[in-house]
Structures are given as structure tokens and as C-alpha cells.
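Remarks on the overall topology
Spelled out from the first residue to the last, the chains are:
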Amino acid sequence: MDFDPSANRVVGTARIPGGAAPKKAPVPVKIIVAGGFGVGKTTTVGAISEISPLTTEAEMTSESVGIDNPGQATMKTGTTVAMDFGVLTIDQTLKLYIFGTPGQTRFAFMWDDLVKGALGALVVVDTNRIDDCYPAVDYFERAGLPFVVGINTFNGQMSYTVEEVRWALAVREDIPVISFDARFRSSVRDALLVVLDQALDKAIRMKS
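Remember, it's a predicted structure, so these values are computed and weren't measured experimentally.

Parameters at a glance
Residues numbered from 1 in each chain as written. Predicted model: local features only at pLDDT ≥ 70, side-chain atom pairs only at ≥ 80, totals over all residues. Heavy atoms only, no water. Pairing = 2+ DSSP bridges. Helix = DSSP H or I, 4+ residues; strand = E, 2+ residues; numbered from the N terminus. Axes fitted to C-alpha atoms, helices over the stretch in contact; angles between N-to-C directions. Salt bridge = Lys/Arg side-chain N within 4 Å of Asp/Glu carboxyl O. Buried < 20%, exposed > 50% of the residue type's maximum accessible area, 1.4 Å probe, protein only. pLDDT = per-residue confidence, 0-100. Contact = heavy atoms within 4.5 Å. Arc of directions from axis to C-beta.

Strands sit in the order S4-S5-S1-S6-S7-S8 across an open sheet of six strands; the sheet is mixed. With partners counted over all chains shown, the strands left at the sheet margins are strand S4 (84–91) and strand S8 (177–180), one partner each. For this sheet, the mean inter-axis angle between neighbouring strands, taken without regard to orientation, is 30°. Sheet analysis places strand S1 (residues 27–35) next to strand S6 (residues 120–125), joined by five bridges and oriented parallel. When the sheet's bridge partners are listed, alanine 34 is paired in S6 with valine 123.

In C-alpha cells form, the structure reads like this:
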């Protein structure tokens, strides 16, 4: 049988005119969720991820007494020793890869690797232990990475107002300070969208 070239035949990766355009993969965006120990980072990642989140939780033992303090109003029995990881598809064009950092200072050496390539960060704050979040705020300010301060309301309550938290953390006026509930997907989504807005604003400023 003789070979008869056809106008509908696709050779290699060439696209024949009139055919359907190949579907573009969404743009990957790396986002960091950071903060002090026990502020709700793992809960944040788990609430929003569309896949079963990857966690590296280890059981807290008596060896951590006096070192790891999860706070008085928590039932926390585990701790992140490496990172949390989740995925969220915003739309057909954008996909978030979310990395949660460990909160203890002894794991701070991992932050440089986790943050590499990130476009923005959400710093989770517990108003009962605001000082635990100073290291995260200082880190992102020094790194020049766009970030948002997210006050985790836990049981729907805050010990201080948003403006009081802004004053306590001494963050600039152009850095958003918002409240959210790490247990609820819609609340975490809204917080991450603010992070994306910050990253976009920086990209526009750099381009101009």
C-alpha cells in the first residue's frame, strides 16, 4: 500500500492548522507558610491542599520539655521536623506549591533551601505568642521576599487587633496584616490570594 500524506497527519510536535491547540500547563508558583512553633502552619497547609498533604510530623517527647513550647491552649502532640507540602490549583493558568517551614529555631538552617525559588510567604501569627514570629518577619524582610502577616484566629478570637499586631511586629505599612482561620479552606485561600497580590505587585514594580 502506497503511503499517502494527509493534511490531518501530525509529524513530530508540529500542530496542523485547524487542529485543537495543546492545553498549556498551569504556571507553578512556590509559596512559603512560615511562623513560630505551634502557630498553625501544618493546619494551614492541610486545610487548603487538594492532595493529601505531605507532612514530616514527629511525636513530641519528654526530651523536648523546656525546648518546644506549643502554648497553653493547644493539644499539639507532634512537631514538624522538616517541612509540610501541599498543592492548590487556582485556575487553569496558575498552580500553587505550598511549603510549610519548621517552627523551631534549631531547624532554621533549612529555611534557605525551602525558600529558594519562592515568590511570596504567609507568616502565621498566634496573638498569644507574637514574639515567636519575629524571626520569620525578620527573615523575609532581609531576603526581600514579599510576605503577608496572617493572624490565626484559632477559635475565632484574637487577643489583639490587627493594628496592634502590626505595631508589635513593627512591619511596614505596605505589608498586609490580615486575620484568617487556618482550619477552614476558604479562609486560607483568601490569605494566599493576598500573598499572590503582594508577589504580583513586586513583579510589576521591578519591571517598571
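In this structure the tally under the stated criterion is six salt bridges. Aspartate 126 is the salt-bridge partner of arginine 129, the closest N and O atoms lying 3.7 Å from each other. A relative accessible area of 10% means that arginine 129 is categorised as buried. Of the charged contacts, one joins arginine 166 and glutamate 163 as a salt bridge, the two residues approaching to 3.9 Å between their closest N and O atoms. Remark: glutamate 163 and arginine 166 occur in helix H4 (residues 162–169); sequence separation between them is three residues, near one turn of the helix. A residue is classified by how much of its surface remains accessible, and arginine 166, at 9% relative accessible area, is buried.

With that settled, consider the confidence of the model for the protein. Confidence along the protein averages 81 in pLDDT terms, with 74% of residues attaining 70 or more. Confidence over residues 6–11 falls short of pLDDT 50; this stretch has five contacts with residues more than four positions distant or in other chains. Contacts for the low-pLDDT stretch residues 60–68, under 50 throughout, to residues beyond four places or in other chains number eleven contacts.

Moving on, we get to H4. The complete set of buried residues in H4 reads Val165, Arg166 and Leu169. When H4 is viewed along its axis, its buried side chains cluster within an angular range of 105° and face the same direction. Those residues of H4 that are exposed and angled more than 90 degrees off the buried face are Glu163 and Trp167. The elements touched by buried residues of H4 are S6, helix H3 (134–143), strand S7 (147–152) and S8. Backbone geometry just downstream of H4 places alanine 170 in the positive-phi region, at approximately 55°.

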